[in-house]
Amino acid sequence: MCHPLLQEVPGFRTWRKHPALAYKDHVMVASTSHFVLHSGSTKRPARMWLPALALLLVAGLLYTQASLPARSFQLDLEKDCFLKDGVPFRYISGSIHYARVPRPAWRDRLLKMYMSGLSAVQVYIPWNYHEPLPGVYDFAGNRDVEAFLDLTAELGLLVILRPGPYICAEWEMGGLPAWLLWKSDIVLRSSDPDYLAAVDSWLHVLLPKIKPRLYQYGGNIISVQVENEYGSYYACDYGYLRHLLAAFRALLGSEVLLFTTDDTRAEDLRCGTLQGLYATVDFGPGSNVTEAFGAQRQVEPKGPLVNSEYYTGWLDYWGEAHASTSSARVAQGLEDMLQLGANVNMYMFHGGTNFAYWSGADFKDQYKPVTTSYDYDAPLSEAGDPTEKLFAIRTVISKFQPLPVGPMPSATAKYAYGWVALQKYADLLDVLDVLCTSGPIHSQFPLTFEAIKQVHGFVVYRTQLPQDVPEPAVLGAPPHTICDRGYVMLQKEYQGTLERDGQTALRVTGRAGDTLDVLLENMGRISFGANISDFKGLLGNLSLDSSPLSNWLIYPLAIDTAVQQGWPHGALPKSSSRGRAGPAFYTGTFETPGIAWDTFVKFPDWGKGQLWINGFNLGRYWPRRGPQQTLFVPGSVLHVGRPNNITVLELEGAPPTPLLLFLDQPVFNRTLSHSTMATE
């Protein structure tokens, strides 16, 4: 917070609140105290002075209204702070992603954030969540971003909006729509004309929804980020940033505060900042606060200090340990920044869940897909429960500003529904007629997901062995051909799995004409770095002892469409499928005891797959790889008074007795050691 009297902090040009100073709101109030009646021998009738008094009151009121500043949120470069309605202002904010929280839970999560002492929330808008196909827009239900923003206003929270077009967020392709890759040579996040045309079309749909909610127009959005951490991207295209700046100004007006966010590295700040966009930085609890804000001062010598992403925890990758950051470290770092008068957004304050196929991936020497849970070790857990970290943060905030009056809302009710038995319905290869009603695509060589316009999920690639293979031959793929996992079946018998940056060859035997099927799974497109043009499927030829295979039938699967329509519940299991390993569907039901509470489902001895309950795609499970062992099931997707339908697509092999276990708490921290033995 900045004040007229300031103390300079050694080491860089920023400021600390002077302890002896206090601010009062600059509000003009009409007063009638100077309109007094003088005593004396001459008495005037009341009717003579009342009209004059009324006239003066009206004049005073008009003067007051004319003098009140218009709603504004601005930079004060002299006092190194924000000005809200002309008054110095500092925000303490937290990130929440509406796309990772079921709509019925929005109010609960936002209220808990408000009661934690936050004055604002920071919100990403994922482009691909709202424009699944070119020119096809979805702002209904869980995607109703306007309803979410209106709810933040109702609860008294300001909003720092991050509409992209790229957002990262460990979200599928960083929020960019996969259909951009239908033009295979497109250069994303650049001045490429095809990319800019798609961006402009999207912004002309989105930003008119945002403008009426800007603070200047009576709303609660105080600032809007342009792009996201662009300095970390290889392109370093200032023309692209200038194009975005012009578009945002044209669609949002000249008064809205636009900003950028980048890492504190000098190179990132060089490529990610632009005149006309206020530059902010991001860093976590382990950073030297003085040095980090010193980096911001290199590009913004004047103005408020802002950490737009102060990391309260970290994300999880499949196959690595569950990330955690101590409450004490997070709280101390927050206090250090607030003592400097800095504005802070905590990323994340509530992480939520990567339902369906929305989890992204990183590429750090190898492909690293993100888990379904986005718990992030955040102050509010994946299920929205206050944690020890939240209360430590709340205590720090109370030292700098009053907390809202009232108790913190309690954790949501959980229920352990117990064991649920499933039965095998069918092998995936036996129901291709249901999952690919349009039939296969014929191609001499494999086509990518993008080439056949499949965005998420799964595609079957089918061919035949060209000759007898009496002795084991190597079925293999060149590097970076399997994107991301290929489940191999020969004559419908499961042979094993090929994996990106993992096993890329299997040994098979068979006869000429035997059917070879490879089910390709998209595990999430890369969301950060230079590799976000992350094509999926078979990106090249499979070969048999170095001889390329050809003449493929390609089946793009619409599994979600079928499941949402009630399939396969009500149909008889296919008897020919019993006992076979490999990709298969399992079904079951359970009932709630009169009320639908949140729960967590565990997969004892299952391999890897996808779970739907009542047609809602809860995401990927992978207990063999870990660390995540349970999937969060919001109570809002469950039925009361009628059966809840479970559909599981198991990709590698279910246990002999297929059971699921519903618990009242999650299991995050189980992973595989180098000996492949599971440990807790």
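Residues numbered from 1 in each chain as written. Predicted model: local features only at pLDDT ≥ 70, side-chain atom pairs only at ≥ 80, totals over all residues. Heavy atoms only, no water.

Chemist: Tell me about the sheet that holds strand S30 (residues 584-590), residues and numbers included.
Modeler: Sheets are built from strands that pair by backbone hydrogen bonding, the pairs being arranged parallel or antiparallel. Judged by pairing direction, the sheet is antiparallel, and its 5 strands sit side by side in the order S17-S30-S35-S32-S33 without closing on themselves. Two strands bound the open sheet, and with one partner strand each, they are strand S17 (423-427) and strand S33 (616-621). Pairs of neighbouring strands in the sheet enclose a mean axial angle of 20 degrees, with direction left out of account. With 5 bridges joining them, strand S32 (residues 609-613) and strand S35 (residues 644-650) adopt antiparallel strand pairing. Within S35, the position partnered with Trp612 by the bridge is Thr647. (Pairing = 2+ DSSP bridges. Helix = DSSP H or I, 4+ residues; strand = E, 2+ residues; numbered from the N terminus. Axes fitted to C-alpha atoms, helices over the stretch in contact; angles between N-to-C directions.)

Chemist: Tell me what's going on with the sheet that holds strand S6 (residues 92-96), and back it up with residues and numbers.
Modeler: As summarised here, the arrangement of the 8 strands in space is S6-S7-S8-S9-S10-S11-S12-S13, forming a closed barrel in which the pairing is parallel. Ignoring which end each strand starts from, the neighbouring axes of this sheet average 30 degrees apart. Two strands pair when backbone bridges link them, and strand S12 (residues 306-311) and strand S13 (residues 343-350) are joined in this way by 4 bridges, in the parallel orientation. Residue pairing in the sheet places Tyr310 in a bridge with Met346 of S13. Relative to the sheet, helix H2 (residues 106-115) contacts S6, strand S7 (120-124) and S13, its axis offset from that of S6 by approximately 160 degrees. Each of strand S11 (278-282) and S12 is contacted by helix H8 (residues 289-299), which is oriented at about 160 degrees to S11, the strand it contacts most. (Contact = heavy atoms within 4.5 Å.)

Chemist: Please provide a residue-by-residue account of the environment of Arg297, values included.
Modeler: Note on placement: Arg297 falls in helix H8. For the pair Arg297 and Thr280, spaced 17 residues apart in the sequence, the C-alpha separation amounts to 9.4 Å.

Chemist: Can you lay out the packing of helix H5 (residues 193-210) against helix H6 (residues 238-252) for me, pointing to particular residues and giving the numbers?
Modeler: Packing of H5 against H6 leaves a shortest axis separation of 10 Å and a crossing angle of 30 degrees. Overall, the two elements H5 and H6 adopt an arrangement that is roughly parallel. Where H5 crosses over H6, the two elements pack in a sense that is right-handed. Each of Tyr195, Leu196, Val199, Asp200, Leu203, His204, Leu207 and Ile210 in H5 lies in contact with H6, whose residues at this interface are Tyr240, His243, Leu244, Ala247, Phe248, Leu251 and Leu252. Here the contact of H5 with H6 is built from residues that sort into 12 nonpolar, 2 polar and 1 charged. (Parallel < 35°, antiparallel > 145°, perpendicular 65-115°, else oblique. Left-handed = near helix turned anticlockwise from the far one by under 90°. Nonpolar A, V, L, I, M, F, W, Y, C, P; charged D, E, K, R; others polar.)

Chemist: Before we move on, can you summarise helix H10 (residues 388-398) with the specific residues and values?
Modeler: Looking at H10, one finds that the buried residues are Lys389, Leu390, Ile393, Arg394, Val396 and Ile397. Projection of H10 onto a plane perpendicular to its axis shows the buried side chains occupying an angular sector of 160 degrees, all on one side. Packed against the buried residues of H10 are S6, H2, helix H9 (327-339) and S13. (Buried < 20%, exposed > 50% of the residue type's maximum accessible area, 1.4 Å probe, protein only. Arc of directions from axis to C-beta.)

Chemist: Which residues make up the packing of aromatic side chains, and what are the values?
Modeler: Applying the stated criterion across every chain, the model contains 39 aromatic pairs. Plain terms: the ring middles of Tyr98 and Phe148 are 5.5 Å apart, the flat faces sit at 35 degrees to each other, and that makes the pair tilted. Of the two residues, Tyr98 sits in the loop between S6 and H2 while Phe148 sits in helix H4 (residues 145-154), which places them 50 residues apart along the sequence. Residue classification places Phe148 among the buried positions, given a relative accessible area of 0%. Taking 5.0 Å as the distance between ring centres and 80 degrees as the angle between the ring planes, the aromatic pair formed by Trp567 and Phe585 counts as edge-to-face. On the criterion of sequence distance, the pair formed by Trp567 in the loop between helix H12 (559-564) and S30 and Phe585 in strand S30 is long-range, its members being 18 residues apart. Of the two residues examined, Trp567 and Phe585, each falls in the buried class. Joined through ring pairs, the aromatic side chains of Tyr98, Trp106, Tyr129, Phe148, Trp171 and Trp358 make up one cluster. Against the face of Tyr166 rests Arg189, its NZ or CZ located 3.5 Å from the ring centre. (Phe/Tyr/Trp six-rings, centres within 6.5 Å; stacked < 30°, edge-to-face > 60°. Lys NZ or Arg CZ within 6 Å of the ring centre and 35° of its normal.)

Any functional reading would require information that these geometric values do not contain.
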